[in-house]
Amino acid sequence: MADLILDDLSISYGSYKAVSNVSLTIPKGEFLTLLGPSGCGKSTTLFAISGLNHATSGAIRMGERVLFDGRSGTVVPPEQRNIGLVFQSYALWPHMSVAQNLAYPLKLRKIGRAEQDERIREALELVEMGRFAERYPFELSGGQQQRVALARALVYRPGLLLLDEPLSNLDAKLRERARVWLRELQERLGVTTVYVTHDQAEALAVSDRIAVMDTGRIRQLGTPKEIYETPADAFVADFIGSSNFLTGTVVGGSDGAASVRLDDRTVIRAKVGAGGTGENVVVAVRPERLQIVGGAGDNVVQATVQGGAYLGSVYQYELVGAGSTFRVQTSREIADSQVFVYVPPEASTLFSAQSRPQA
Amino acid sequence: MTELAAGSPAHAGRDRSTAIFWTVSILTTILVIGPIAPIILQAFLDQPLYKPEAALTAGNFVRLFTEAGMGRIVLNTLFFAVVTMVVAQLFGSVMAVIVGRTNLPGRKWIGEILIWPLFVSNLVMAFGWFTMYGPSGYITLAVKAGTGLSPWNLYSLTGMSIVAGLSQAPLAYLMCIGAVTKADAQLEDAARSAGASPMKALLSITVPMMRPAMVYSAVLNFVIGIEMLAIPLVFGGPSGIHTVTTFLYDQGINAAVQSDYGIVGAGAVMLLVIVGLLVWLQGRLMKDSGRFVTVRGKASRPSLVDLGKWRWVAFAAVAAYVLFTIVAVFAGIFMRASVSFLTPLVPFWKLLTLANFELIFSQPGYIRAILNSVVISFLGGIIGTACVVLIALVAKRSEFRFRRALEYVALFPRSLPGIIAGLGFFYAVIWVPGLDMIRGTIWILIAAFVVRYIPIGFGAIAPALSQIGEELDRASRISGGDWWTTVTRIVLPLLKPALFSSFALLFIHFFKEYVTAVFLYQPGSEIIGSTMLQLYAQGDNGPVSALATIQVIITALFVFMARRLLGAKIYG
Ligand SMILES: Nc1ncnc2c1ncn2[C@@H]1O[C@H](COP(=O)(O)OP(=O)(O)O)[C@@H](O)[C@H]1O
Ligand SMILES: [Mg+2]
């Protein structure tokens, strides 16, 4: 196995650029997730790696082996890339039994009968589907089909495993179990994996690293912890953990911290985000980090309660204050209509107002 | 990095697939262009195109429009086509709404009978009409004897146009019934809850949804009207009324001396241009038909509208229509085949005879015509389906650069009237050196039929193909299969039902075909249709009916078996 390298990869459909100048190096054995909202170009990138899409420019390499090179015109067809791919719809061939589905790639590789049987058995055991070898796809539940699809992608021991939202067709409970199981399996096999999802919780739970994408670009690349705790810009802060944004202007600061005058003239302190700042900024802070306090003080803003909902483990309230609308999560119910909210400086990050996602 | 390459399947694959793309595309293009090129060439030559001294000229067109009374013929053709279309659309759409969506008594078997005419050629229909409603037809004479008046004259332009329209109504019916019965029930339910009565909901919501089906079948029937041979020949011939097709037929075949190649070529080009324009128009008109897409997801079928006390009135009207325009026409053929002389003045059982069938089975030429028809339809159905599925797979399921162009070329024969296809292949074999080999054999017939009906097969296969998710192909490619492995191992097995339907449809079309064959057959390669035309020209109506009866029986057997054994979908 070898590192997977995407080098300045771009993919256009006519004049529309679905993927713009993506560069990534994925070391062997890593579990990397492409995370982003629907339509941001995740699948397009993944299918370009598999060869089922044609990239427009840039290069894709597995170690020394060039899979695609826009400059020299090299395009290795998908069937020669030896990559495993699990589709969102699973794409099990309906006229073949589970065993036949798994045998197909082995036959194409001219593997002997005895070894075929051995490998099929092994792969089905791996996904705990050994008992279902003779079933046809329509006789399986969604979760079982997903496992068979994974077994089919692994049975020929590919150099790279690609997964396109493989869990999105499962119900919520099953999805949570499946992702733990998937991650354990990947660690056991040590296969380099690129995983595509729009579900941030899923991405945080399974990945070694996450590449957050938006409109065809990578916004941030980092470990789940880095992405969550130090988002690179307001888009990432919003997409991961759906931050609140308080608008204001910078009035001073030092040492990676700054004082910001919010729109109601309250001044609070906050960290400076990775993207630097301008004059007009937003302060990003997550709803669960805000605290309801008894009265005015440092880094405290006054707000009016607009509405609320009980979410099961916490209460979430919609507040208006400091010239912005924002949400707060607390374990206690709020009785008053006027509240004071403490904005912890260590949980607040400044971004330039331009990078703020449009609601 | 050899490790990766080692895991990949061995491949000569890419070159193989590319070779297939090119082969399919080039062969299709040659077969489609093949019959058209010599016709266009001939239209501009002053001598038959096989003569080396032939020179370029525009004189044929000048002669076509000045000498031959062509203005009259063109007007006749247009009038004939317009009336055919109007009559067919009117009866077809009304029948579709009544049979498809009301609680008409016996709607199931009436629906079955309504599509019978689609299984036989309009040569058979023409002959059936002639036998029953011609000047000395069975029903005509019966009415005359009863009332003393001669009730109608089908040997007129209007008469033959109405016959053609009624013969084509089943096609309009077939297209419209799909639109009204597959409409999403929720749309009408929404109208009902907005306050519309069931009948009102049907008329104001679903009937307008028939528009694409109406437009599509209207243009189709217009084109069929323009290129139809049998009905103008049978009903126009005796009174000297010509359409473009009968003119070409007469000039090409019947001209006493040598046929006038130049005029025929020019006339054919004119016909080709008219039909081409109409098919183009059809495409334009169908462009915004997405507005009328009604079948989405698992919609339930709409319910039947209760006609209340009108139920039996409607039944009487529909039954009379079916009885007089379909059942009577078929009955006429069967009756004429089994008597020595058909007249209402003598009870027909007194004239019963097997002589007509005996005649057919005593002549090797007639037996050969029947066998040839079966062999051509069977082999042609298989060859045609194979060609069409290859074309469809390259056009719809490959990354071949010219796949769109291939589809365009393959569907071009929609604008190729049968008489032109036949004429074109006829020219091609005398023009291209080496092709003389297949001249006058059944192989030239198979080739011409297959080319002409590629769009029919395509229509059966393409929708089924789009039902098979492309992800299944992609999964196969990523597993190591090249394009050819993927389509043969994954797509074709899933396409099996559509292949059977395509085969059955092509068989039926080939078995009833006659126009395309008229310039191509020779003693030894005659088919049922060409033999019927010949016998008709000699005035042997008994044997014509016997042959037509045999054709109908074989078709019925085939349809029955194809539905039972192959599960083929033939007209719904
Ligand atoms: N074949 C195509 N032709 C044109 N546009 C496409 C095609 N495939 C994808 N796109 C566009 O590219 C963008 C990215 O798509 P995709 O990669 O599927 O998004 P996602 O991140 O949800 O997987 C979308 O805006 C989509 O509309
Ligand atoms: Mg996607």
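Before reading further, recall that the structure is shown in the block above.
Just so you know, the residues in each chain are numbered from 1, in the order the chain's sequence is written. Think of it this way: whatever chain is written first is A, whatever ligand is written first is 1, and the rest follow in order. Only residues with pLDDT of 70 or above have their local features reported here, since the model is predicted, and side-chain atom pairs are shown and tallied only from 80 upward, although totals for entire chains, interfaces and linings are computed over all residues. The side-chain figures draw on all heavy atoms in the structure; neither hydrogens nor water molecules are used.

Draft legend 1. Quick look at the overall build of chain A. Summing up its helical and strand segments, chain A has eight helices and 21 strands in all. Judged by the C-alpha coordinates and their principal axes, chain A covers about 75 × 50 × 35 Å. Accessible area is worked out with a 1.4 Å probe on protein chains only. A residue is then buried under 20% of its type maximum, exposed over 50%, and partly exposed in between. Out of the 359 residues in chain A, the part that is buried amounts to 53%. In DSSP terms, a helix is any run of H or I states spanning at least four residues, a strand is any run of E spanning at least two, and both are numbered starting from the N terminus.

Draft legend 2. Region of the structure containing the overall build of chain B. A tally of helices and strands in chain B yields 24 helices and zero strands. Counting only C-alpha atoms, chain B reaches 95 × 75 × 45 Å along its principal axes. Of all 572 residues assigned to chain B, the portion counted as buried reaches 54%. Sequence-distant contacts, at least 24 apart, represent 78% of the contacts inside chain B between residues at least 6 apart. Residue exposure ignores everything except the shown protein chains as possible cover, and the areas themselves are Shrake-Rupley values with a 1.4 Å probe. As presented, chain B carries roughly 24,500 Å² of accessible surface, and 66% of it is formed by carbon and sulfur atoms. For this analysis, residues touch if any pair of their heavy atoms sits within 4.5 Å.

Draft legend 3. Just the interface of chain A and chain B, in detail. Between chain A and chain B, the residue contacts involve 35 residues of the former and 27 residues of the latter. Summed over both sides, the interface between chain A and chain B buries roughly 2,800 Å², with carbon and sulfur atoms accounting for 62% of that surface. When the buried area of chain A at its contact with chain B is split by residue, A:Glu79, A:Tyr104 and A:Leu108 rank highest and sum to 23% of it. What counts as a salt bridge is simple: a side-chain nitrogen of Lys or Arg found within 4 Å of a carboxyl oxygen of Asp or Glu. At the boundary of chain A with chain B, the tally comes to one salt bridge. With a shortest N-O distance of 2.8 Å, A:Glu79 and B:Arg477 are connected by a salt bridge. In protein, a polar contact requires one atom able to donate a hydrogen and another able to accept it; more generally it is a pair of N or O atoms within 3.5 Å, and residues adjacent in sequence count only if both atoms are side-chain atoms. Summed over the shared surface of chain A and chain B, the result is seven residue pairs in polar contact (both at pLDDT 80 or more). Looking at the side of chain A that touches chain B, the elements that each hand over two or more residues are α1 (42-50), β7 (83-86) and α2 (98-108) of chain A. Looking at the side of chain A that touches chain B residue by residue, the class counts come to 20 nonpolar, eight polar and seven charged. Buried area is understood as the total, over both parts, of accessible area removed when two parts are fitted together, assessed with a 1.4 Å probe. In this count, Pro and Cys sit with the nonpolar residues alongside Ala, Val, Leu, Ile, Met, Phe, Trp and Tyr, while Asp, Glu, Lys and Arg are called charged and the others, Gly among them, polar.

Draft legend 4. Structural context of the pairing of strand β11 (residues 217-222) of chain A. Residues and elements named next belong to chain A. By the convention used here, strands pair only if DSSP detects at least 2 bridges between them. The pairing of strand β10 (residues 209-214) with β11 spans five bridges and is classified as antiparallel. Directly across from Ile-210, in β11, lies its bridge partner Gly-222. Between β10 and β11, which pair antiparallel in sequence order, lie two residues; one of them, Thr-215, sits at a positive phi of approximately 40°.

Draft legend 5. Main features of the site of ligand 1. Residue and element names in this part refer to chain A. Nearness here has a simple test: a residue counts as near a molecule or strand if at least one of its heavy atoms is within 4 Å of that partner. In the region of ligand 1, the neighbouring residues are Tyr-13, Tyr-16, Ala-18, Ser-38, Gly-39, Cys-40, Gly-41, Lys-42, Ser-43 and Thr-44. One nitrogen or oxygen atom from the side chain of Tyr-13 is found 3.4 Å from a nitrogen atom belonging to ligand 1. Within the complex, 59% of the 560 Å² of free accessible area of ligand 1 lies under protein. Sorting the residues of the shell around ligand 1 by element identifies β2 (16-26) and α1 as the ones contributing at least two each. The greatest single-element share of the shell around ligand 1, amounting to three residues, is contributed by α1. Its residues assigned to classes, the shell around ligand 1 comprises four nonpolar, five polar and one charged.

Draft legend 6. Summary view of helix α8 (residues 157-181) of chain B. To estimate how far a helix should extend, the number of its residues minus one is multiplied by 1.5 Å. Taking 1.5 Å of rise per residue, the 25 residues of α8(B) would be expected to cover 36 Å, and the 36 Å separating its terminal C-alpha atoms lies within 8% of that figure. Counting buried positions along α8(B) yields 21 of 25 residues, so the element is predominantly enclosed.

Draft legend 7. Inspection of the pattern of salt bridges at higher detail. Summed over all chains, the structure comprises 18 salt bridges over all chains. Measuring nitrogen to oxygen at the nearest pair gives 3.1 Å for the salt bridge that ties A:Asp208 to A:Arg183. Taken together, the positions of A:Asp208 in the loop between α6 (200-206) and β10 and A:Arg183 in helix α5 (residues 172-189) put the pair 25 residues apart, joining distant regions of the chain. The exposure class assigned to A:Arg183 is buried, which follows from its relative accessible area of 13%. Overlapping salt bridges, with partners in common, bring together A:Glu79, B:Glu399 and B:Arg477 in one network.

Draft legend 8. Quick peek at the pairing of β10(A). Residues and elements named next belong to chain A. Of all six residues in β10, six are buried, a share of seventy percent or more. Burial along β10 is two-sided: the face carrying Arg-209, Ala-211 and Met-213 and the face carrying Ile-210, Val-212 and Asp-214 are both buried. As judged from the four bridges shared by strand β3 (residues 31-35) and β10, these two strands associate in the parallel manner. Note on β10: the bridge partner recorded for Leu-32 is Arg-209.

Draft legend 9. View of the sheet that holds strand β19 (residues 324-330) of chain A. Residues and elements named next belong to chain A. Across the sheet, which stays open at both edges, the five strands sit in the order β16-β20-β17-β18-β19 with antiparallel pairing between neighbours. Of all strands in the sheet, those with a lone pairing partner are β16 (291-293) and β19, marking the two edges. The sheet shows a mean angle of 50° between the axes of neighbouring strands, taken without regard to direction. Axis angles are defined between N-to-C directions and span 0 to 180 degrees, where every axis is a line fitted to C-alpha atoms and, for a helix, only to the segment in contact.

Draft legend 10. Representation of the sheet that holds strand β5 (residues 65-69) of chain A. Residues and elements named next belong to chain A. Reading across from one edge, β2-β1-β4-β5-β6 is the order of the five strands in this open sheet, with antiparallel pairing throughout. The strands lining the two open edges of the sheet, one partner per strand, are β2 and β6 (74-75). In this fold α1 packs onto β1 (4-13), β2, β4 (57-62) and β5, with an angle of close to 115° to the strand it touches most, β1.

Draft legend 11. Summary view of unusual backbone geometry. Residue and element names in this part refer to chain A. Non-glycine residue Asn-82 carries a positive phi angle of around 55°. Relative to the elements of secondary structure, Asn-82 occurs in the loop between β6 and β7. Look at Ala-322: it is not a glycine, yet its phi comes out positive at around 55°. Tracing the chain through its elements places Ala-322 in the loop between β18 (315-321) and β19.

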